Amino acid sequence: MKFIVIGITDNPQPWFPPEVMEMIRQGRVFSGGKRHHEIVASLLPDGAEWIDITASLNAVFEQYISHTSEIIVFASGDPLFFGFANTIKRKMPDAEIVLYPTFNSLQMLAHRLVMAYHDMRIVSLTGRPWPEFDKALIEGEGKIGVLTDREHTPATIAQRMLEYGYHYYKMHVGEHLGNPELEKVTTLTLEEASHHDFDYPNCVLLELIGDGSSEFDNNSASRTQTQKNRPLWVPFGIPDAEFALLDGREKMITKMPIRLLTLQALDLPKRHVLWDIGSCTGSVSIETRLQFPHLHIEAFEIRPECEAIIQENARRFGAPGINVHIGDFLETDITTLPRPDAVFIGGHGGKLKEIMAKVLAVLTEDGCIVMNSVKAPKVTTDSHQLWDEVCQELGLQQESPMRIIIDEHHPIEILKAHK
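Attention in this report is confined to the structure presented alongside it. Keep in mind the model is a prediction, meaning the values are calculated, not measured.

Things to note about the pairing of strand 18 (residues 412-418)
Counting buried residues in strand 18 gives six out of seven residues, a clear majority hidden from the surface. Note: strand 15 (residues 368-374) against strand 18, seven bridges, orientation antiparallel. The residue of strand 18 that forms the bridge with valine 370 is lysine 416. Looking at chain direction, strand 16 (residues 397-398) and strand 18 are connected through two bridges and run antiparallel. The partner of glutamine 398 across the bridge, within strand 18, is alanine 417. Pairing of strand 17 (residues 402-404) with strand 18, which is carried by three bridges, proceeds in the antiparallel orientation. Pairing of isoleucine 404 across the sheet is with isoleucine 412, part of strand 18.

Here's the deal with the nonpolar core
Counting residues in each nonpolar core, the largest one holds 51 residues, and the members touching the most others are Phe133, Met161, Met171, Leu206 and Ile286. In this structure isoleucine 286 touches Ile238, Phe243, Thr281, Ile310, Asn313, Ala314, Phe317, Ala319 and Ile322, once residues within four positions along its chain are discounted. Listed in part, the 24 residues of the second largest apolar core include Ile277, Ile334, Val343 and Trp387.

Considerations on helix 6 (residues 131-138)
Residues three or four positions apart in an α-helix share a direction because the helix packs 3.6 residues into each turn. Here helix 6 lies mainly inside the structure; six of its eight residues are buried. Restricting attention to buried positions, one finds in helix 6 the residues Phe133, Asp134, Lys135, Ala136, Leu137 and Ile138. On its buried face, helix 6 sits against strand 6 (121-124), strand 7 (143-147), helix 7 (154-163), strand 8 (169-175), strand 10 (202-208) and helix 11 (283-291). Just past helix 6, the residue glycine 140 takes up positive phi, approximately 70°.

Structural notes on the sheet that holds strand 3 (residues 49-52)
Taken together, five strands build an open sheet; the order of strands is 3-2-4-1-5 and the sheet is parallel. Every other strand in the sheet has two partners, leaving strand 3 and strand 5 (96-100) as the edge strands with one partner each. Sheet twist, expressed as the average angle between the axes of neighbouring strands with direction ignored, equals 25°. Inspection of the sheet shows strand 2 (residues 29-32) paired to strand 4 (residues 71-76) by three bridges, in the parallel sense. Bridge pairing in strand 4 links phenylalanine 30 to isoleucine 72. With respect to the sheet, helix 3 (residues 57-65) is in contact with strand 1 (2-8), strand 2, strand 3 and strand 4, its orientation differing from that of strand 3 by roughly 155°.

Section: the packing of aromatic side chains
Enumeration over the complete set of coordinates arrives at 14 aromatic pairs. Between tryptophan 50 and phenylalanine 74, the aromatic rings sit 6.2 Å apart at their centres with planes inclined by 10°, giving stacked as the arrangement. On the criterion of sequence distance, the pair formed by tryptophan 50 in strand 3 and phenylalanine 74 in strand 4 is long-range, its members being 24 residues apart. Per residue, the accessibility class of tryptophan 50 equals that of phenylalanine 74, and both read buried. Members of the aromatic cluster, joined through ring pairs, are Phe3, Phe61, Tyr64 and Phe84. The ring of phenylalanine 329 carries the charged tip of lysine 358 above its face, separated from the ring centre by 5.1 Å.

Here's the deal with the sheet that holds strand 10
If you trace the five strands from one edge of the open sheet to the other, you get 6-7-10-8-9, paired in mixed fashion. The open sheet terminates on both sides in strands that have one partner only, identified here as strand 6 and strand 9 (184-189). Pairwise comparison of adjacent strand axes, ignoring direction, gives a mean angle of 20° for this sheet. The pairing of strand 8 with strand 9 spans six bridges and is classified as antiparallel. From the neighbouring strand, methionine 171 faces strand 9, where its bridge partner is leucine 188. Across the face of the sheet, helix 5 (residues 105-113) comes into contact with strand 6, strand 7, strand 8, strand 9 and strand 10 while running at roughly 55° to strand 10. Of the strands in this sheet, strand 7, strand 8 and strand 10 are in contact with helix 7, which crosses strand 8 at around 170°.

Here we look at unusual backbone geometry
Between tyrosine 200 and the following residue, proline 201, the backbone shows a cis peptide bond with an omega angle of 10°. With respect to the helices, strands and loops of the structure, proline 201 is situated in the loop between helix 8 (190-193) and strand 10. For cysteine 280, which is not glycine, the phi dihedral falls at a positive 55°. Among the secondary structure elements, cysteine 280 is positioned in the loop between strand 11 (273-277) and helix 11. For cysteine 280, a relative accessible area of 5% corresponds to the buried category.

Considerations on the side chain of histidine 67
Inspection of the secondary structure assignment puts histidine 67 in the loop between helix 3 and strand 4. Looking at histidine 67, the relative accessible area reads 12%, which means it is buried. A distance of 3.3 Å separates polar atoms of two side chains, one belonging to histidine 67 and the other to serine 66. With near-sequence residues (within four places) excluded, histidine 67 lies in contact with Met1, Arg28, Val29, Glu49 and Ile51.

Observations concerning the packing of helix 10 (residues 256-266) against helix 11
Packing of helix 10 against helix 11 leaves a shortest axis separation of 10 Å and a crossing angle of 65°. In the packing of helix 10 onto helix 11, the handedness of the crossing is right-handed. Only Ser283, Val284, Glu287 and Thr288 of helix 11 make contact with helix 10, whose side of the interface consists of Arg259, Leu260 and Leu263. Residue composition of the contact of helix 10 with helix 11, grouped by class: three nonpolar, two polar and two charged.

What counts as what
Residues numbered from 1 in each chain as written. Predicted model: local features only at pLDDT ≥ 70, side-chain atom pairs only at ≥ 80, totals over all residues. Heavy atoms only, no water. Buried < 20%, exposed > 50% of the residue type's maximum accessible area, 1.4 Å probe, protein only. Helix = DSSP H or I, 4+ residues; strand = E, 2+ residues; numbered from the N terminus. Pairing = 2+ DSSP bridges. Core = buried A, V, L, I, M, F, W, Y, C linked by side-chain atoms within 4.5 Å. Contact = heavy atoms within 4.5 Å. Axes fitted to C-alpha atoms, helices over the stretch in contact; angles between N-to-C directions. Phe/Tyr/Trp six-rings, centres within 6.5 Å; stacked < 30°, edge-to-face > 60°. Lys NZ or Arg CZ within 6 Å of the ring centre and 35° of its normal. Polar contact = N/O pair within 3.5 Å; in protein donor to acceptor, adjacent residues only side chain to side chain. Left-handed = near helix turned anticlockwise from the far one by under 90°. Nonpolar A, V, L, I, M, F, W, Y, C, P; charged D, E, K, R; others polar.

Note that every value here comes from positions in space, so none of it alone points to a role or purpose.
This is the structure:
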């Protein structure tokens, strides 16, 4: 089966080279979105059949398969740039594809701004969730090009950035790019963009402008002092005193050196999903999110009052994308969550065996479990001994523990096991 995929802009009077025009004149079956149909309808031959590309792609491809002739598909911009040609390749890998691309929307926006874009990080939020966008923010990209949709609008993007303290960007928005009558390019502060309505279709180019001290991005009175003072670059190890704490109790947080050694024990550079069980203030999850933003993180905490604390700390340190589950882990439905390949147990409430058994049912074959054991003289239950007993009973292989003493604090042992 053959597909001819033609890229178009939002121009209501599109121009195509003679070769493409001849293909259109000779075509019989055409396809594209409703907006594409409106743009090219006057160019289609009499009796042409049109297949709408809708959200039910399986139904669309069933219609394609019912045709033995070639199909001409109209797609936005470059059909290989987060475009429909990739969908054809995935759904029908044996199909022949001939491409006639044009500039994609982010290229056109950069052209209008006369801005070099070879160093732009591209993120698509079109029908996609936030993780890749969050990752680009955490990694401090200087230019971020964003493909939007009707849910992930320029305003909601700006609101998310301000919520997590990423205020040191300006936002360029391109609307109806390629349409000589409706095209509009606007440059705004994030505060301005967060309250602005934009016509769709649109795209966004975020440009780093400094560390928050410039006149352009320091005009928002609504940001908290923490967000205004948030550093541009992620510190390697967040000082303990900067976290919001549970009832002000410093002992309820994993100390920064232990936190970093715990991340090392979890071997996070090669992991994909971290579960933080007993997350309390969220210090381990947040440190992980900032140092390893590629990870998917699920944080579990039994105390309801900790939810606001975790969210406050996530906003304070610019760590969006941590999924928080409040309630008893043993009663939490985990069937819809991604399987972890790294698990940190920060608290178990005397139910370590039950928690680890539940974790083992979903832990990947190459996954690991890490727990910190405090050697305090007044503690009646030896958590290291309990760990050893549970590991033996569940058939886990243990690695040699790491024993650490920090200042006047009690010794801590970092324990690690895997299948």
